[in-house]
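Coordinate inspection notes
Residues per chain are reported as follows:
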Amino acid sequence: YLKISKLALAFAIIRSKPPGKSCKEYTEHLAKIVSEQDTSLVSGNLWKSKVEALEAEVLRLRQELLLNKICPKFVLESRKSGASDENLLQESAYLMSYSSQLEDSGCDVSNDYTFDSLGTTSDFHQSEHNLHTSKYHLDIVPPLSLCCANREEPLTAPVQFLQHLLEIRKLSEIGKLQADFTKLEDDSFTICSSVSQLLDGLTVFYNSPKFPVSDILSEAICVLISLIADTKLSNHVLKKCFKKLDEFQKKLIQIILRSSSINRFQALHAVSHVLVLLGRNNILRNSLISLLLSEVHQFAEQMCQAHQILDACDITRYENIFYLFMILEQLLQNETEESNLSSSQYDGEEKNKFMKNLDQIILHLSDEFPLFSLYLWRVSVLLNSAQIQ
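Residues numbered from 1 in each chain as written. Predicted model: local features only at pLDDT ≥ 70, side-chain atom pairs only at ≥ 80, totals over all residues. Heavy atoms only, no water.

Going by what an unreviewed UniProt entry lists, the chain is known as MEI4 protein and is assigned to Crypturellus soui. According to UniProt, the comment filed for the chain under the heading Sequence similarities (unreviewed entry) is "Belongs to the MEI4L family." (UniProt positions renumbered as here; feature names shortened; annotations may be inferred.)

Quick look at the nonpolar core now. Counting residues in hydrophobic clusters, the biggest one holds 85 residues, and the most contacted among them are Leu 165, Leu 202, Tyr 206, Phe 372 and Leu 376. For this core, the leading source of residues is helix H10 (residues 233–258), giving eleven residues. Residues contacting Leu 202, with those up to four places away along its chain left out, are Leu 155, Leu 217, Ala 220, Ile 221, Leu 224 and Phe 248. (Core = buried A, V, L, I, M, F, W, Y, C linked by side-chain atoms within 4.5 Å. Buried < 20%, exposed > 50% of the residue type's maximum accessible area, 1.4 Å probe, protein only. Helix = DSSP H or I, 4+ residues; strand = E, 2+ residues; numbered from the N terminus. Contact = heavy atoms within 4.5 Å.)

So, about empty space enclosed by the protein. What the rule picks out here adds up to two cavities of 30 Å³ or more. By volume, the second largest cavity is sized at about 40 Å³. If you trace the second largest cavity, you find it lined by Leu 199, Asp 200, Thr 203, Lys 244, Glu 247, Phe 248 and Lys 251. If you list the elements that add at least two residues to the lining of the second largest cavity, you get helix H8 (188–207) and H10. (1 Å grid on protein atoms, 1.4 Å probe; cavity = no way out; pocket = protein on both sides within 12 Å on 5 of 7 lines; lining within 4 Å. Points joined across faces, edges and corners; volume = space filled by probe spheres on them.)

Viewed as axis vectors pointing N to C, helix H3 (residues 46–70) and helix H6 (residues 156–173) meet at an angle of 5°, and their least axial separation amounts to 11 Å. By the angle class used here, H3 and H6 are roughly parallel. Contacts between H3 and H6 involve Gln 63, Leu 66, Leu 67 and Ile 70 on the former and, on the latter, Ala 157, Pro 158, Phe 161, His 164, Leu 165 and Ile 168. Counted by class, the contact of H3 with H6 contains eight nonpolar, two polar and no charged residues. (Axes fitted to C-alpha atoms, helices over the stretch in contact; angles between N-to-C directions. Parallel < 35°, antiparallel > 145°, perpendicular 65-115°, else oblique. Nonpolar A, V, L, I, M, F, W, Y, C, P; charged D, E, K, R; others polar.)

Here's what the structure looks like:
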């Protein structure tokens, strides 16, 4: 391949050589120009932006091609004639409709959205239902406007592509059109890249969240949850993108633990909510519970060590760890309510580590940290009750 490339470059130089210059002189001239451009582009990060733009365009074309392969005659119409894809996104119900209430200092959480409602919030069910309520008809595929309207919305492209997949899947399920989803196996790169792009965009937001939450972010979460909840599409996504989804869960957990800003609490509620929704999936739930048990166990041991040497604990991390407790309770309560699942599906190693010496840890910490000890006990009870069932 390298020899062919060199030969092709040599032919290109020879054929484009201006009269009056030898091939050697012309080659040296081109090399000098490229060298100067490289210096300028690297210093200004222009190369990087150009490459990213080209990669985004390539992915956009692959997405459009894949949609045409899956269903050559698919077109989406919004309920309002002539509406654009952007208007369609705005018509969808948003998962984070409570975001307009998140503009204060973070010290007050709205009663409309408490942590106890995680996993059962009606907003998500409504948005999941409305995701497929637009009108459709069979026609030629229109060009998809998957390019971002601005650089602040890198989620637009993957959201629209994955939303189109979900819409095709819904229509094929009710028999309104024929679709061949085996094409996803033939072009796994496109869907993996799209999901990866979506997860990267969400990670960037949660690292430095800005409220109120934008419409496109709300739609991105809705599409992600709907994608992994779909029985057929999730098989393709989880098989190809499990590692990326697992990394995404780890990053969200670390965001919760490391957040230290004064106004962080409502942002952490939003992150926790996403983790609970991801944990509804059986495959992701097992790995997520293991990750949470590992983090809680490590922190409990650190608390014991600090208590023994009379050292002060990290108050910020101590406050944040309760979000992990609450997520664990949500996932373990869901687990015990489903008779077709058993605790043996969990990572036994992490569960055994958590339960090991747990009574002694609770005994040492119960006087000085009663709330923390209570939550340790509650999680252990849920683990044991799952095992008994």
